[in-house]
Amino acid sequence: ISDTDQWKALQAHVGAIHKTHLRDLMADADRCKAMTAEFEGIYLDYARQQATTETIDKLFKLAEAAKLKEKIEKMFNGDKINSTENRSVLHVALRAPRDAVINSDGVNVVPEVWAVIDKIKQFSETFRSGSWVGATGKPLTNIVSVGIGGSFLGPLFVHTALQTDPQAAESAKGRQLRFLANVDPVDVARSIKGLDPETTLVVIVSKTFTTAETMLNARTIKEWIVSSLGPQAVSKHMIAVSTNLKLVKEFGIDPNNAFGFWDWVGGRYSVCSAVGVLPLSLQYGFPIVQKFLEGASSIDNHFRTSSFEKNLPVLLGLLSVWNVSFLGYPARAILPYSQALEKLAPHIQQLSMESNGKGVSIDGVRLPYEAGEIDFGEPGTNGQHSFYQLIHQGRVIPCDFIGVIKSQQPVYLKGETVSNHDELMSNFFAQPDALAYGKTPEQLRSENVSENLIPHKTFQGNRPSLSFLLSSLSAYEIGQLLAIYEHRIAVQGFIWGINSFDQWGVELGKSLASQVRKQLHASRMEGKPVEGFNPSSASLLARY
């Protein structure tokens, strides 16, 4: 793509942008109005990007050169766009309407998806009604979901966002959902602290039922159940999200209580499969989770059918490519002004960095430009008291500000100037302008700031951001937000010409760890010396 005239036109355009300042760009009312887009109550304002309407036009031309429309269609049509693993990429099928037709290998996968959804719906209703009981006849009210990476970060994000939604909270009364991901025994201790095996259901999430960390945790939790309730309790207290029914059965779980998913769903894109839908439906009831799936589906449809000028994921993806590959800003801060979205940034971190953290093109050619983005973030206003200093006066880091019009938990105290939510949102509106406009030495002098402090109190400004305003934060909007980021990340990968759907970079560490595991066993059980490692690793291992 970097050999195209469209890419070169953008490179040539950077100089013109460097001559502008957001202070001046923001004075142009027509530009500000043009740099907005809206879909179903989600309002995007990207006027504070270091870009003009000309930049946006050039980015649309780049999208054309990269065959973006075609690539989006290929994804939705089930083409094997994950070429290194020879797989379709069909997370959109997980939330497609029942009558949709989405093919993989010439077979419509939507009926298979709905067969699993219907099974989850039925199981969650049985479970929540109290007719599914544990080994001692008691109903189960606690759920521990065991899985790592994509089996954990996405579902945790949705769970955390739903916890304080009034409707979801009402549905979850008297229940607990916890997640166990890390193989660190401390995480096991935390996830079962205060729980009684008698009233706990454990969901083991592993496609192959061979993921090292997850299966060790599964055996550890199984031991916790068996030591308290006996071996026959396993089938009453443990269920699985897996496709390996043989290993599920050998583990002691009834294969009828295993919920499948498909190899056309990547782990980090699997929250809308049984991976997320099962534990979330057990906690909140299926109707709430269905709203979440419908929200994601609405964005899928918007992404596939809207013109690029109005297409939220396309606009966001193109702006990220502009910031990373042309303006040279490698990071992005995700700043939701909503505590309910505190687990959004960790999920997007995996979604983005595992998808687009690649150094070669989809054809295996070394990239002549940087791809991928360093993602991090915290809810506002917490982040303001943490890392905003660097964003204001240190490095330039483009920011995503996410605000919600209607709070999940409104509080208005008598005698206060504004409600608690308005206090929060005052900062949401102020920070993007502080970053864009900054503060000049002249302004400081007019405020009689002493000369020696002027350099320290000067803000350069001209720091890009964009703002999302959501009407509210219910299950539906949470689904929309998830899908916006999923597709935005795909757009970036499609433009960069990389495979956003494999993750070979996670393999090497795993294989080296198995070598270390063998050594630890030999040293602990047979007293053997540490051998076959470099001097640094050998001395670290010996010390351990």
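Owing to the predicted nature of the structure, the values given are computational and were not obtained by experimental measurement.

K.L.:
So what exactly am I meant to see when it comes to the overall build of the chain here?
P.N.:
The secondary structure content of the chain amounts to 23 helices and 13 strands. Judged by the C-alpha coordinates and their principal axes, the chain covers about 75 × 65 × 55 Å. Of all 544 residues assigned to the chain, the portion counted as buried reaches 52%. In the chain, the proportion of contacts linking residues at least 24 apart, taken out of those at least 6 apart, comes to 74%.

K.L.:
Would you take a moment to explain the packing of helix α15 (residues 312–326) against helix α21 (residues 475–496) for this structure?
P.N.:
To describe two helices that pack against each other, one gives the angle between their axes and the distance between the axes. Between α15 and α21, whose axes approach to 8 Å, the crossing angle comes to 50°. The angle between the axes of α15 and α21 places the two elements in the oblique class. Where α15 crosses over α21, the two elements pack in a sense that is right-handed. Between α15 and α21, the contacting residues are Leu312, Pro313, Val314, Leu316, Gly317, Leu318, Ser320, Val321, Val324 and Ser325 on the first element and Ile484, His487, Arg488, Val491, Gln492, Ile495 and Trp496 on the second. In terms of residue class, the contact of α15 with α21 is made up of eleven nonpolar, five polar and one charged.

K.L.:
Hey, could you run me through the sheet that holds strand β12 (residues 399–404) in this one?
P.N.:
Paired through their backbone hydrogen bonds, the strands of a sheet run either parallel or antiparallel. Pairing within the open sheet is mixed, and its six strands lie in the order β1-β2-β13-β12-β10-β11. Every other strand in the sheet has two partners, leaving β1 (36–39) and β11 (374–377) as the edge strands with one partner each. Sheet twist, expressed as the average angle between the axes of neighbouring strands with direction ignored, equals 15°. Examined bridge by bridge, β12 and strand β13 (residues 465–470) share six bridges and lie parallel to one another.

K.L.:
Sorry, what's going on with the domain arrangement of the chain here?
P.N.:
It is common to give the size of an interface as the accessible area that goes away when the parts come together. Per the domain assignment, the segments making up the chain are domain 1 (5–66 + 306–496), domain 2 (91–290) and domain 3 (504–543). Taking only C-alpha atoms into account, the centre of domain 1 sits 43 Å from that of domain 3.

K.L.:
Explanation requested: the sheet that holds strand β9 (residues 258–259) in the structure shown.
P.N.:
Pairing is parallel across the open sheet formed by five strands, whose spatial order is β6-β5-β7-β8-β9. In the strand order of this sheet, the two ends are held by β6 (176–180) and β9, each with one partner. Alignment of strand β5 (residues 142–146) against strand β7 (residues 200–205), held across five bridges, turns out to be parallel. Paired with Ser145 across the two strands is Val203, which belongs to β7.

K.L.:
What exactly am I supposed to notice about unusual backbone geometry here?
P.N.:
For residues besides glycine, phi is generally negative; the peptide bonds are generally trans as well. Here the amide bond leading from Gly380 into Thr381 is cis, since omega sits at 10°, within 30 degrees of zero. Topologically, Thr381 is positioned in the loop between β11 and α17 (388–393). Phi is positive for Asp105, close to 55°, though the residue is something other than glycine. Examined against the element boundaries, Asp105 turns out to sit in the loop between β3 (103–104) and β4 (107–108). Note on Asp105: relative accessible area 60%, which makes it exposed.

K.L.:
What's the story with the pairing of strand β8 (residues 238–241) in this structure? I'm lost.
P.N.:
One face of the sheet, then the other: side chains in a regular strand alternate in exactly this way. On β8, burial covers both faces: Met238 and Ala240 on one face and Ile239 and Val241 on the other are all buried. Both β7 and β8 contribute to a ladder of four bridges, which runs parallel. The residue bridging Val202 from the neighbouring strand is Met238, located in β8. By the bridge criterion, two bridges tie β8 to β9 in an arrangement that is parallel.

K.L.:
How should I be thinking about the packing of aromatic side chains in this particular structure?
P.N.:
For any two aromatic rings, the description comes down to two numbers: the centre-to-centre distance and the angle of the planes. Applying the stated criterion across every chain yields a total of 17 aromatic pairs. Arranged with centres 4.9 Å apart and planes meeting at 65°, the rings of Phe123 and Trp132 form a pair that is edge-to-face. Residue Phe123 shares its accessibility class with Trp132, and that shared class is buried. Between Tyr269 and Phe501, the aromatic rings sit 5.6 Å apart at their centres with planes inclined by 50°, giving tilted as the arrangement. Placement of Tyr269 in the loop between β9 and α13 (274–284) and of Phe501 in the loop between α21 and α22 (507–526) is noted, with a sequence separation of 232 residues between them. Taken individually, Tyr269 and Phe501 each receive the classification buried, so the pair is uniform in this respect. Grouping aromatic residues by their ring pairs yields a cluster made of Trp7, Trp322, Phe326 and Tyr369. Directly above the ring of Phe259 sits Lys119, whose terminal nitrogen or CZ lies 4.8 Å from the centroid.

Reading the values: the criteria
Along every chain, residues carry numbers that run from 1 in the direction the sequence is written. Only residues with pLDDT of at least 70 are given local features in this predicted model, and only at 80 or more are side-chain atom pairs given and counted; all residues enter the totals for whole chains, interfaces and linings. To get the side-chain values, take all heavy atoms of the structure and skip hydrogens and water. In this text, helices come from DSSP runs of H or I with a minimum length of four residues, and strands from runs of E with a minimum of two, each type numbered from the N-terminal end. The buried label goes to any residue with under 20% of its type's maximum accessible area, the exposed label to any with over 50%, and the partly exposed label to all in between, with areas taken from a 1.4 Å probe on protein chains only. We call two residues contacting when some pair of their heavy atoms lies within 4.5 Å. For every element, the axis is a line fit to its C-alpha atoms; helices are fit only across the contacting stretch, and the angle between N-to-C directions ranges from 0 to 180 degrees. Here roughly perpendicular refers to angles of 65 to 115 degrees, roughly parallel to angles under 35, roughly antiparallel to angles over 145, and oblique to all remaining angles. By convention, the crossing between two helices is left-handed when the near helix turns anticlockwise from the far helix through less than a right angle, and right-handed when the turn is clockwise. Three categories are distinguished: nonpolar for Ala, Val, Leu, Ile, Met, Phe, Trp, Tyr, Cys and Pro, charged for Asp, Glu, Lys and Arg, and polar for the others, with Gly belonging to the last. When DSSP finds two or more bridges between a pair of strands, those strands are recorded as paired. Start and end points for every domain follow an automatic or database-based domain assignment. We call Phe, Tyr and Trp rings a pair once their centres come within 6.5 Å, taking the six-membered ring for Trp, and we label the pair stacked below 30 degrees between planes, edge-to-face above 60, and tilted otherwise. Throughout this description, the term charge over a ring refers to an Arg CZ or Lys NZ atom that lies within 6 Å of the ring centre and within 35 degrees of the ring normal.

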